[in-house]
Amino acid sequence: MKKLFLILLLWVSFTALAQAQLCNCNDPLNILDNSSEVLFFHRTLILDIGHANIPVEVFGNWYDSAGMPVSGPVNAMTDNDGFLEFEFFSPPGVAIDFDIHYNSGQGELSLLFMGSACDPCIAIIPTMSQWATICLLLLMMIAGVVYQKRPSYQLQ
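> Just to check I follow, could you spell out the overall build of the protein for this structure?
A tally of regular secondary structure across the protein gives 2 helices and 8 strands. Moving toward the C terminus, one meets the helices and strands of the protein in the order α-β-β-β-β-β-β-β-β-α. Residue burial in the protein is summarised as follows: out of 156 residues, 24% are buried. In the protein, 63% of the contacts between residues at least 6 apart in sequence involve partners at least 24 apart. Accessible area for the protein stands at about 11500 Å²; split by element, carbon and sulfur atoms hold 64% of it.

> Explain the state of the cysteines to me, please; I cannot follow it from the model alone.
Formally, a disulfide is one covalent bond, and it connects the sulfur atom of one cysteine to the sulfur atom of another. Across all of its chains, the model carries 1 disulfide by this definition. What pairs with Cys23 in a disulfide is Cys118, and their sulfur atoms sit 1.7 Å apart. On the sign convention where negative is left-handed, the bridge of Cys23 and Cys118, at about -75° about the S-S bond, is left-handed. Residue Cys23 is found in the loop between β1 (17–20) and β2 (31–32), and its partner Cys118 is found in the loop between β8 (108–114) and α2 (128–149); the two are separated by 95 residues along the sequence. A relative accessible area of 30% means that Cys23 is categorised as partly exposed.

> Whenever I open this one, the confidence of the model for the protein confuses me. Can you help?
Do not read the predicted coordinates in detail wherever pLDDT is low. On average, the protein scores 77 in pLDDT, and the residues at 70 or more come to 83%. When mean pLDDT is compared element by element in the protein, α2 scores highest at 90, while helix α1 (residues 2–14) scores lowest at 34.

> Looking at this model, I keep getting lost on the sheet that holds strand β4 (residues 55–60). Mind explaining?
Sheet strands pair via backbone hydrogen bonds, and the direction of the pair is either parallel or antiparallel. The 4 strands lie next to each other as β5-β4-β7-β8, forming an open sheet whose pairing is antiparallel. Two strands lie at the open edges of the sheet, namely β5 (74–77) and β8, each paired on one side alone. In this sheet, adjacent strand axes meet at a mean angle of 25° when their direction is disregarded. Relative to β5, β4 runs antiparallel, the two sharing 4 bridges. By the bridge assignment, Pro55 is partnered in β5 with Met77.

Basis of the calculations
Residues numbered from 1 in each chain as written. Predicted model: local features only at pLDDT ≥ 70, side-chain atom pairs only at ≥ 80, totals over all residues. Heavy atoms only, no water. Helix = DSSP H or I, 4+ residues; strand = E, 2+ residues; numbered from the N terminus. Buried < 20%, exposed > 50% of the residue type's maximum accessible area, 1.4 Å probe, protein only. Contact = heavy atoms within 4.5 Å. Areas by Shrake-Rupley, 256 points an atom, 1.4 Å probe, with all protein chains shown as cover. Disulfide = S-S within 2.5 Å. pLDDT = per-residue confidence, 0-100. Pairing = 2+ DSSP bridges. Axes fitted to C-alpha atoms, helices over the stretch in contact; angles between N-to-C directions.

In structure tokens:
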């Protein structure tokens, strides 16, 4: 039992956690075309390596802020808490994958992160029943205002 616990403890100490930000159609940093369609989503990859000030190499299929593919690794450093936030851009419908290399002090480690693709943004148009509800509410509001504004006659 102790051996299993030690193996699990070592595995957890060597494992880094990665999480990519979900796609947001309303992010002001998205790259848009002339018709305001999203060409590239602004996203952030957050790595929890657990060791402060570690140099990290990030390989992957992402784009820069000009919409150009990034070739080669990007070198970065973790902060004092062992986190690394890496901003990138990805086109709709294309899954992302990253290969992250770092040295934790016990040797060179590698982490493969595969993320989901962003769905294209779709404008939400109300259905016929929703339009009918909107019109009914407007008519009721008008009738209520007219009822409240009618003159009242009182006999003296």
